[in-house]
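# Structure at a glance
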Amino acid sequence: LARIQTDSVVMMLRELYPGLCFEIAVAMSTTGDKILDTALSKIGEKSLFTKELESALERNEVDLVVHSLKDLPTSLPPGFTIGAVCKRENPLDAVVFHPKHCGKTLNLLPEKSVIGTSSLRRAAQLKKKFPHLEFRDIRGNLNTRLKKLDEKEDFSAIILAAAGLKRMGWENRIGQLLGPEDCLYAVGQGALAVEVRAKDQEILNMVSALHDADTVLCCIAERAFMKRLEGGCSVPVAVNTLLKDGQLYLTGAVYSLDGSDSLKETMQTGVSYPHQNEDGPNDDVQHVGITAKNVPGQAQEAAENLGVELASLLLSKGAKHILSVARQLNDAR
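Residues numbered from 1 in each chain as written. Predicted model: local features only at pLDDT ≥ 70, side-chain atom pairs only at ≥ 80, totals over all residues. Heavy atoms only, no water.

Where an unreviewed UniProt entry is consulted, the chain appears under the name Porphobilinogen deaminase, with the organism given as Nicator chloris. In its Pathway (unreviewed entry) section, the UniProt entry covering the chain states "Porphyrin-containing compound metabolism; protoporphyrin-IX biosynthesis; coproporphyrinogen-III from 5-aminolevulinate: step 2/4." (UniProt positions renumbered as here; feature names shortened; annotations may be inferred.)

Below, the structure written as structure tokens:
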């Protein structure tokens, strides 16, 4: 999947800059790829899928790195920035069923059916919604997880991001899409990010053409929400965003590990601002790690403020307690 995502970004760049040569020079494994016998939420490393790639960027071995935006921490190491956020694929979660349950939905699965997911966020929401099901960790890349599902009887279904399945050309495996009423998605889910050296103006200018303005604003709001909550993959934090008629709507939620305790709120803000040429020092302002010169600065600020304000509202209602208990319980597991 990582290779397919990288290829798709390189293809867009080749179309935009036919005179330039783009070479996919390095394919490497990250900590998150190597430790497959431990739940993601237990490894406790903030940059699980990014550290090795950033080292190559720092050493000038590569000029840009393609990530799933949801893998990127809300605070990047000094010297790096997200130079492009590409148009978002479907951000929803999808259910892939064992062949013997083909045609069913989660609510039709037999009592005590085991569902595989590596995400605390998914498990917390779905345990509450489908109390007759059991949830168990499953790790590995998409191929590995689908193989575990199909060839063994351990799982009745697994939950994956619809975007990954779609990019792999496996959309036909999606048995059920989980809408916001069933499962809010992860911050940045479905969007691809291109990370570059913050001071490399030439590369930054080049990749900024890939920015999708609507996706940028949605993801800035989501990342600001997560950052204010100090959330990560070790706590269940979830979002849903909608940009319509110049209004950005953000729904954010926090959950206890079993989903019994939760807080959810929605806020909105206007993001219709004209683009101004902001030459000079403001040119490279980052919003939660994203540099988007071609998206109006005021709109980015409004999106970031929306995320912060929504998180502050949840914190005022007790989100900190829910998350700290979830973190402690997860650490103790």
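### Thoughts on the overall build of the chain
Summing up its helical and strand segments, the chain has 11 helices and 11 strands in all. Considering the chain as a whole, with its 333 residues, one finds that 52% of them fall into the buried category. When contacts within the chain are restricted to residue pairs at least 6 apart in sequence, long-range pairs at least 24 apart make up 71% of them. Split by element, the accessible area of the chain, about 15,500 Å² in all, is 49% carbon and sulfur. (Helix = DSSP H or I, 4+ residues; strand = E, 2+ residues; numbered from the N terminus. Buried < 20%, exposed > 50% of the residue type's maximum accessible area, 1.4 Å probe, protein only. Contact = heavy atoms within 4.5 Å. Areas by Shrake-Rupley, 256 points an atom, 1.4 Å probe, with all protein chains shown as cover.)

### Quick look at the environment of glutamate 222
Along the chain, glutamate 222 falls in helix 9 (residues 213–229). C-alpha of glutamate 222 to C-alpha of valine 288: the two residues are 66 residues apart in sequence and 9.5 Å apart in space.

### Brief notes about the nonpolar core
In terms of nonpolar packing, the biggest core is built from 42 residues, with Leu69, Ile82, Phe225, Leu229, Val237, Leu248 and Val254 touching the most fellow members. If you list the elements that add at least two residues to this core, you get strand 2 (80–85), helix 9, strand 9 (237–244), strand 10 (247–255), helix 10 (297–316) and helix 11 (319–332). At 10 residues, the largest contribution of residues to this core is made by helix 9. Those residues within four positions of leucine 229 in sequence are excluded, and the remaining contacts are Val237, Val254, Ala311, Leu315, Ala319 and Leu323. Core analysis: the next-biggest nonpolar cluster, separate from the first, contains 15 residues, Val10, Phe22, Ile203 and Leu210 among them. (Core = buried A, V, L, I, M, F, W, Y, C linked by side-chain atoms within 4.5 Å.)

### With respect to the sheet that holds strand 4 (residues 114–116)
If you trace the 5 strands from one edge of the open sheet to the other, you get 5-4-6-3-7, paired in mixed fashion. Of all strands in the sheet, those bounded by a partner on one side alone are strand 5 (134–136) and strand 7 (176–178). Across the sheet, the axes of successive neighbouring strands diverge by a mean angle of 30 degrees, strand direction being ignored. Examined bridge by bridge, strand 3 (residues 93–97) and strand 7 share 3 bridges and lie antiparallel to one another. Pairing of valine 95 across the sheet is with glutamine 176, part of strand 7. On top of the sheet, helix 5 (residues 120–129) reaches strand 3, strand 5, strand 6 (157–161) and strand 7; it is set at about 125 degrees to strand 6, its chief contact. In the packing of helix 6 (residues 142–151) onto the sheet, the strands contacted are strand 3 and strand 6, and the crossing angle to strand 6 comes to about 165 degrees. (Pairing = 2+ DSSP bridges. Axes fitted to C-alpha atoms, helices over the stretch in contact; angles between N-to-C directions.)

### Quick notes on the sheet that holds strand 9
Across a sheet, paired strands are connected by hydrogen bonds in the backbone, their directions being either parallel or antiparallel. Pairing in this open sheet of 3 strands is antiparallel, and the strands run 9-10-11 from one edge to the other. Two strands close off the open sheet at either side, each with one partner strand: strand 9 and strand 11 (262–270). Put simply, the sheet's adjacent strands are angled 15 degrees from each other on average, direction ignored. The pairing of strand 10 with strand 11 spans 9 bridges and is classified as antiparallel. In the sheet register, threonine 251 faces strand 11, and the bridge partner there is threonine 266. Against the sheet, helix 10 touches strand 10 and strand 11, its axis set at about 150 degrees to strand 11. Its contacts with the sheet place helix 11 against strand 9, strand 10 and strand 11, and it is angled at close to 50 degrees to strand 10.

### Details of the packing of helix 9 against helix 10
Their axes nearest at 7 Å, the elements helix 9 and helix 10 cross at an angle of 35 degrees. The two elements helix 9 and helix 10 cross, and the hand of that crossing is right-handed. Residue-level contacts link Leu217, Ile220, Ala221, Ala224, Phe225, Arg228 and Leu229 of helix 9 to Ala299, Gln300, Ala303, Glu304, Leu306, Gly307, Val308, Leu310, Ala311, Ser312, Leu314 and Leu315 of helix 10. Taken together, the residues of the contact of helix 9 with helix 10 sort by class into 14 nonpolar, 3 polar and 2 charged. (Left-handed = near helix turned anticlockwise from the far one by under 90°. Nonpolar A, V, L, I, M, F, W, Y, C, P; charged D, E, K, R; others polar.)

### Section: the side chain of threonine 251
Here threonine 251 lies in strand 10. Given the relative accessible area of 13%, threonine 251 is considered buried. Beyond its immediate stretch of four places on either side in the chain, threonine 251 contacts Leu184, Ala238, Val239, Asn240, Lys264, Glu265, Thr266 and Leu310.

### Details of unusual backbone geometry
Even without a glycine there, the phi angle at asparagine 60 is positive, about 60 degrees. Of note, asparagine 60 is situated in the loop between helix 4 (51–58) and strand 1 (65–68). A relative accessible area of 53% means that asparagine 60 is categorised as exposed. If you check the backbone angles, aspartate 245 has positive phi at about 50 degrees while not being a glycine.

### Examining the pairing of strand 3
With respect to burial, strand 3 is a largely interior element, 5 of its 5 residues being buried. Residues Asp93, Val95 and Phe97 point to one face of strand 3 and Ala94 and Val96 to the other, with burial holding for every one of them. Alignment of strand 3 against strand 6, held across 5 bridges, turns out to be antiparallel. Note that in strand 6 the partner of valine 96 across the bridge is isoleucine 158.

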